[in-house]
Amino acid sequence: MCDNHKNSGAEVELKDETEDELCWLYRPSKRDGRNQERKEAFKKIYGGLRVYFKVPQNVEELSEFIEELLLLAANRKKADTLDE
């Protein structure tokens, strides 16, 4: 998922995959010395820095999968900006 109106990277870029699962790893890379705070903010939401998604097996599961990805993108942005 990428916002082409910005010069930043993708909102959600997958880290790993298996047959039935996708993994995304939160790795903030801002250069302001606050990345540890960002990691902690993200951990409060997901319990860790890795987020796993079940691969949709049919069209009925696709909508929930897309919603999960959109929520991840929003939560990533929230952690990046250190919003409370």
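Quick note: structure is the one above.
Reference entry: report on the structure contained in this document. (Residues numbered from 1 in each chain as written. Predicted model: local features only at pLDDT ≥ 70, side-chain atom pairs only at ≥ 80, totals over all residues. Heavy atoms only, no water.)

Counting along an α-helix, one turn takes 3.6 residues, and residues three or four places apart therefore face a common direction. Taking 1.5 Å of rise per residue, 12 residues should cover 16 Å, and helix 1 (residues 35-46) covers 16 Å from first to last C-alpha, within 8% of that figure. When we look at burial in helix 1, the residues that qualify are Asn35, Arg38, Ala41 and Phe42. For helix 1, the angular spread of buried residues about the axis comes to 115°, placing them on one side. On its buried side, helix 1 packs onto strand 2 (21-25), strand 3 (50-54) and helix 2 (59-81). Directly after helix 1, the chain includes Gly47, whose backbone phi takes a positive value near 80°. (Helix = DSSP H or I, 4+ residues; strand = E, 2+ residues; numbered from the N terminus. Expected span 1.5 Å × (residues − 1). Buried < 20%, exposed > 50% of the residue type's maximum accessible area, 1.4 Å probe, protein only. Arc of directions from axis to C-beta. Contact = heavy atoms within 4.5 Å.)

Turning next to the sheet that holds strand 2. As summarised here, the arrangement of the three strands in space is 1-2-3, forming an open sheet in which the pairing is antiparallel. Each edge of the sheet is formed by a strand with only one pairing partner; in this case those strands are strand 1 (16-17) and strand 3. Where strand 1 meets strand 2, two bridges bridge the pair, whose relative direction is antiparallel. If you follow Glu17 over to strand 2, its bridge partner there is Leu22. (Pairing = 2+ DSSP bridges.)

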